[in-house]
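Survey of secondary and tertiary structure
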Amino acid sequence: MQKLIMSFFVILTTLFATSWANAAADLDVNTPAISAIKSSMQARHAQLAPHYASGAVGLTKDGLIAVRDATAVPLKDRQGINALVAAENSDRNALYKEIAAGNGHVEWEGEIRNTFAQRWIQKAQAGWWYQDANGWTKR
Amino acid sequence: MKKSLSVLVLMSMLAACVTINIYFPAAAAEKAADKIIDDVWQLKDGVPVPAVKQEVPPTK
């Protein structure tokens, strides 16, 4: 009887200990690789910001960006807009992959991408365009 | 009887470990995403900092 109670408490303690450890776990996003991608994206944002505002470029539902309306891109920027968007998407894909890998769970990439997709849209400025279930919408 | 009990204890502990470790930390992920987005988009407290400073009219 005594042994039964003891073993019950051992199980209980183990369960609580492991669940507490995981609840307190933060995702580490301070690795050099992630910081490098972040700096690259930060620098590029200066060029992208006017295109978000004009509606030329919008936020997709899978955490990337896309040219929504090429006619809204000023002539001087038209030549480079596709390369700019592709470079940003390359960084974003690398970011999601790196966060998953850096935290020891490569299989988390999809969920990290989804989390970011929601947060990019939530934090978008009024007037920016994003994709929802029905297509493009204005924030 | 005692042997099967300790086997049961061991198996339930193992099951608990596997179950807990495949849980995706959604709250932590959201926090991390917010931090990164704030940095990339230069948001202070989640609000964008205007790039151009407004002209303040001189007060008399």
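What comes next is a walk through the structure. None of the values given here were measured: they were computed from a predicted structure. (Residues numbered from 1 in each chain as written. Chains lettered and ligands numbered in written order. Predicted model: local features only at pLDDT ≥ 70, side-chain atom pairs only at ≥ 80, totals over all residues. Heavy atoms only, no water.)

Structural notes on the overall build of chain A
Our working definition: Here a helix means four or more residues in a row that DSSP labels H or I, a strand means two or more in a row labelled E, and each is numbered from the N terminus. C-alpha atoms define the radius of gyration in this analysis, and the globule rule sets the expected value at 2.2 Å times the number of residues to the power 0.38. Using a 1.4 Å probe on the protein chains alone, a residue whose accessible area is under 20% of its type maximum counts as buried, one over 50% counts as exposed, and one in between counts as partly exposed. By the counting scheme adopted, Arg and Lys are positive, Glu and Asp are negative, and His together with the chain ends is not counted. For charged residues, the charge sits on one atom: NZ in Lys, CZ in Arg, CG in Asp, CD in Glu.
Secondary structure summary: chain A contains five helices and four strands in total. Put simply, chain A runs from its N terminus to its C terminus through helices and strands in the order α-α-β-β-α-α-α-β-β. For 139 residues, the compact-globule estimate of 2.2 N^0.38 gives 14 Å, and chain A exceeds it by more than 25% at 21 Å. Once the C-alpha set of chain A is aligned to its principal axes, its extents read approximately 80 × 35 × 20 Å. Within chain A, the fraction of its 139 residues that count as buried is 36%. Charged side chains of chain A number 14 positive and 12 negative; the gap between the two group centres comes to 6 Å.

Concerning unusual backbone geometry
Peptide bonds are mostly trans, and most non-glycine residues show a negative phi. Phi at Gln42(B) is positive, roughly 55°, even though this residue is not glycine. Taking the relative accessible area as the measure of exposure, Gln42(B) reaches 43% and is therefore partly exposed.

Points about the environment of Tyr52(A)
Rule in force here: Any two residues having at least one pair of non-hydrogen atoms within 4.5 Å are treated as being in contact.
Mapped onto the elements of the fold, Tyr52(A) is located in helix α2 (residues 32-54). Residue classification places Tyr52(A) among the buried residues on the basis of a relative accessible area of 1%. Distance in space between the C-alpha atoms of Tyr52(A) and Trp128(A) is 5.6 Å, their sequence separation being 76 residues. Excluding anything up to four places from it in sequence, Tyr52(A) contacts His45(A), Val57(A), Leu59(A), Ile65(A), Arg92(A), Gly127(A), Trp128(A) and Trp41(B).

Read these as layout, nothing more, since geometry by itself doesn't imply function.
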